[in-house]
Amino acid sequence: MPAPATGSAPTPVNPRSRVLVASLIGTTIEFYDFYIYATAAVLVFPQLFFPSSDPTTALLSSFAVFGAAMVARPIGAVVFGHLGDRLGRKKTLVVSLLTMGIATFLIGVLPTYAQAGWVATALLVLMRLAQGFALGGEWSGAALVATENAPSGKRALYGTFPQLGAPLGFIIGNGLFLAMGALLPSAAGADPSQPSDAFVSWGWRVPFLFSAVMVAIGLWVRSRLVESAVFARTRESGGVRRLPLATVVRSHGKQLVLGTFIMLATYVLFYLMTTFSLSYGRAAKDAAVPGLGYGYTTFVLMMIFGVLFFAAFTLVSGPLADRYGRRATLLWITAGIVVFGLVWVPLIELGTLGVVLWLVLGFTLMGMTFGPMGALLPELFPTSVRYTGSGISYNVSSILGAAVAPFIAVALWETGDGSPWLVGVYLSAMAVLTLIALLLGKETKDVSLDDRDATADDPVRAPAGSPTP
């Protein structure tokens with residue numbers, strides 16, 4: 001449906017439903033890819049791609065490849081950010097989604113170490129790097145589609161829809177692994193943590209191959225988008241930068257640093273509540289590094305219950321951030337994360353009820369801190385460098401808070417002789433850094449996306465309609 005534009009010709013706008021679905025579908029696939037890799041990294045990848053006489057060494061090697069994708073994400077943020085700020089959001093989002101889908105699908109058809117030796121491991125690393133590269137441009141583009149098309153006073157609410165992809169991806173990804181475990185049960189029953197020969201041979205591949213279906217849906221939705229009016233006006237006025245990266249580093253370096261550390265506690269909490277908790281929850285109580293001793297299926301179902309709170313409070317956080325402000329909301333939530341990290345052991349020592357409460361509280365805080373990020377990070381930057389700036393902050397934080405989190409958590413878990421109290425302290429310490437960044441930053445609730453361009457301190461612009469270098 002057309003809407004009046006500032007010029008003589010009407011500017012087409014995206015229907016609300018198309019905006020919300022287009023921003024949601026890509027991040028759902030993004031987190032779906034993360035969860036299925038994280039699950040496979042625990043269950044089958046150590047034996048399929050990283051054979052070792054020491055199970056802990058094999059697990060850490062598997063996590064190392066997981067972390068490699070995080071290192072590739074800032075590179076993807078720069079490349080896709082340049083394309084998104086020069087060519088537009090729509091084309092860039094289509095390319096990033098297609099790249100991510102192909103890499104995920106190919107993981108599902110890789111040979112194993114037994115079949116191809118080190119070549120199999122190298123190909124897995126390559127596909128993870130390709131995933132990380134594509135994901136570097138996915139989140140920021142999805143967040144921009146949501147916020148740049150949001151009505152006045154509802155940017156944070158719209159910004160929660162890309163964030164909602166995290167809990168949805170968790171439920172779909174882990175649900176598929178549970179289904180495959182039930183269809184291909186071992187002698188121990190329908191438990192993927194003790195996989196059958198069929199599950200190890202081909203069952204684990206199904207979730208990776210299924211991603212092709214989700215990508216096809218995402219491409220169809222995104223191909224029907226039109227550019228946001230905010231970006232269209234910037235392009236028409238000659239506000240497109242020749243080198244968005246140079247502009248954002250030179251003129252918006254403070255926002256880059258603050259955005260990175262504002263995301264830090266969110267990333268650490270996210271990966272501790274998903275990747276680490278899965279390893280800790282299913283580790284035997286009499287193991288060399290003891291855990292909670294739950295079966296895989298039981299603990300994943302407990303996690304899915306917690307993720308329902310993640311989804312609900314992601315949506316709750318949007319209206320709160322729109323009403324009270326992003327910074328004010330996140331200050332309280334981040335303080336809650338500091339406290340939560342210090343009460344891990346007292347909660348877990350309450351037994352199953354305490355473990356469920358630990359998961360519920362962790363995922364509730366996750367939803368509350370993750371939701372406002374979809375609006376806050378884009379609001380830190382003007383339209384001409386918004387894709388690049390928000391993408392770099394989001395993805396550099398993934399290295400500081402996500403790539404190293406599994407290694408730090410496992411090391412602290414071992415240091416604590418099976419107790420996760422040091423892991424909780426680590427979370428609290430990272431949350432303190434986020435608190436400092438929030439205190440140093442400013443409220444962005446009432447910032448106009450157009451005004452951010454008008455006040456941008458950058459004289460280097462590309463003429464309207466000029467070709468991309």
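The numbering scheme is per chain: residues are counted from 1 as the chain's sequence reads. Reporting of local features is limited, given that this is a predicted model, to residues whose pLDDT is at least 70; pairs of side-chain atoms are given and counted only at 80 or more, and all residues count toward the totals for whole chains, interfaces and linings. Remark: hydrogens and water are excluded; side-chain values derive from all non-hydrogen atoms of the structure.

Enquirer: Please explain the overall build of the protein chain as it appears in this structure.
Expert: What the protein chain contains, in helices and strands, is 23 helices and two strands. Taken over 469 residues, the protein chain has a buried fraction of 59%. Restricting to contacts in the protein chain with at least 6 residues of sequence separation, those with at least 24 account for 83%. Surface accessibility in these figures is a Shrake-Rupley result with a 1.4 Å probe; residues are shielded only by whichever protein chains are displayed. Just so you have it, the protein chain exposes about 17,300 Å², and 70% of that area is on carbon and sulfur atoms. Secondary structure counts use DSSP, requiring at least four H or I residues in a row for a helix and at least two E residues in a row for a strand, with both numbered from the N terminus. The cut-offs for exposure are 20% and 50% of the maximum accessible area for each residue type, with area from a 1.4 Å probe on protein chains only; residues under the lower value are buried, those over the upper are exposed, and the others partly exposed. In this analysis, two residues are considered to be in contact whenever any of their non-hydrogen atoms come within 4.5 Å of each other.

Enquirer: Sorry, what's going on with the side chain of E148 here?
Expert: Position of E148 among the secondary structure elements: in helix 6 (residues 118–148). Relative accessible area serves as the criterion here: at 7%, E148 is assigned to the buried category. Within the local environment of E148, its side chain forms a polar contact with the side chain of R386, the two groups lying 2.8 Å apart. Setting aside residues up to four positions removed in sequence, E148 forms contacts with R89, S228, V230, F231, T383, R386 and L449. Any pair of nitrogen or oxygen atoms within 3.5 Å is treated as a polar contact; in protein, a donor-acceptor pairing is required on top of that, and neighbouring residues in sequence qualify only through side-chain atoms on both sides.

Enquirer: So what exactly am I meant to see when it comes to the pattern of salt bridges here?
Expert: Side chains that differ in sign of charge can pair as their charged atoms come close. Salt bridges are defined as contacts in which a side-chain nitrogen from Lys or Arg sits within 4 Å of a carboxyl oxygen from Asp or Glu. What the rule picks out here adds up to eight salt bridges. Here R222 makes a salt bridge to E138, at a shortest N to O gap of 2.5 Å. One end of the pair, R222, is in helix 10 (residues 205–222); the other, E138, is in helix 6, and 84 residues separate them in sequence. One exposure class covers both R222 and E138, and it is buried. Beyond isolated ion pairs, a larger network of salt bridges with shared partners links D85, R89, E148 and R386.

Enquirer: Looking at this structure, how should I read the environment of G351?
Expert: Structurally, G351 is set in the loop between helix 17 (344–348) and helix 18 (352–370). Distance in space between the C-alpha atoms of G351 and L292 is 9.3 Å, their sequence separation being 59 residues.

Enquirer: Would you mind showing me how to read a nonpolar patch on the surface here?
Expert: Within this analysis, patches are made of residues with over 30% relative accessible area and no salt bridge. Like charges are joined at 9 Å or less; nonpolar side chains (Val, Leu, Ile, Met, Phe, Trp, Tyr) at 5 Å or less. On the surface, a cluster of nonpolar side chains totalling about 460 Å² of accessible area is made up of L98, I102, F105, L106, V109 and L209. Sorting elements by how many residues they give to the nonpolar patch places helix 4 (residues 89–107) first, with four residues. Tracing the backbone through its elements, the reader meets L209 in helix 10.

Enquirer: Just checking my understanding: could you explain the nonpolar core for this structure?
Expert: Nonpolar side chains tend to gather and get buried jointly when the protein is soluble and globular. Formed by 112 residues in total, the largest nonpolar core has its most connected members in F45, W204, F299 and W358. Here the element with the most residues in this core is helix 1 (residues 16–43); it accounts for 13 residues. With residues near it in sequence (within four places) discarded, W358 still touches M273, S277, Y280, F299, F340, W344, L347 and I348. Nine residue types can take part in a nonpolar core, namely buried Ala, Val, Leu, Ile, Met, Phe, Trp, Tyr and Cys, and a core is a set of them joined through side-chain atoms within 4.5 Å. If you look at the next biggest cluster of nonpolar residues, it comprises 14 residues, including L20, A146, Y158 and V221.

Enquirer: Where do I start with unusual backbone geometry in this structure?
Expert: Comment: phi is negative for the bulk of residues other than glycine, and the bulk of peptide bonds are trans. For D417, which is not glycine, the phi dihedral falls at a positive 55°. Within the secondary structure, D417 sits in the loop between helix 21 (405–415) and helix 22 (421–440). On the accessibility criterion, D417 (65% relative accessible area) is exposed.

Enquirer: Would you mind going over the packing of helix 12 (residues 244–251) against helix 20 (residues 386–403) with me for this structure?
Expert: Packed helix pairs are specified by the crossing angle of their axes together with the interaxial distance, meaning the distance between the axes. Convention adopted: a line fitted to C-alpha atoms gives each axis, helices being fitted over their contacting stretch, and angles between N-to-C directions are expressed from 0 to 180 degrees. Interaxial distance between helix 12 and helix 20 falls to 9 Å at its minimum, and their mutual angle equals 70°. Regarding the angle of helix 12 to helix 20, the classification is roughly perpendicular. For the pair helix 12 and helix 20, the crossing hand works out as right-handed. Each of P244, L245 and V248 in helix 12 lies in contact with helix 20, whose residues at this interface are T388, G389 and I392. Classification convention: Asp, Glu, Lys, Arg as charged; Ala, Val, Leu, Ile, Met, Phe, Trp, Tyr, Cys, Pro as nonpolar; all other residues, Gly among them, as polar. Its residues assigned to classes, the contact of helix 12 with helix 20 shows four nonpolar, two polar and no charged. Here the angle decides the label: under 35 degrees means roughly parallel, over 145 means roughly antiparallel, 65 to 115 means roughly perpendicular, and every other value means oblique. What makes a crossing left-handed is the near helix being turned counterclockwise from the far one by less than a right angle; a clockwise turn instead makes it right-handed.

Enquirer: Please clarify how helix 21 should be interpreted in this entry.
Expert: Structural remark: α-helix, 3.6 residues per turn; residues separated by three or four positions point the same way. A405, P406, A409, V410 and W413 are the residues of helix 21 that are buried. The buried residues of helix 21 occupy an angular sector of 125° when projected down its axis, which confines them to one face. Positive phi appears at D417, one or two residues downstream of helix 21, with a value of about 55°. In this description, one arc is meant: the one made by directions from the helix axis to the C-beta atoms.

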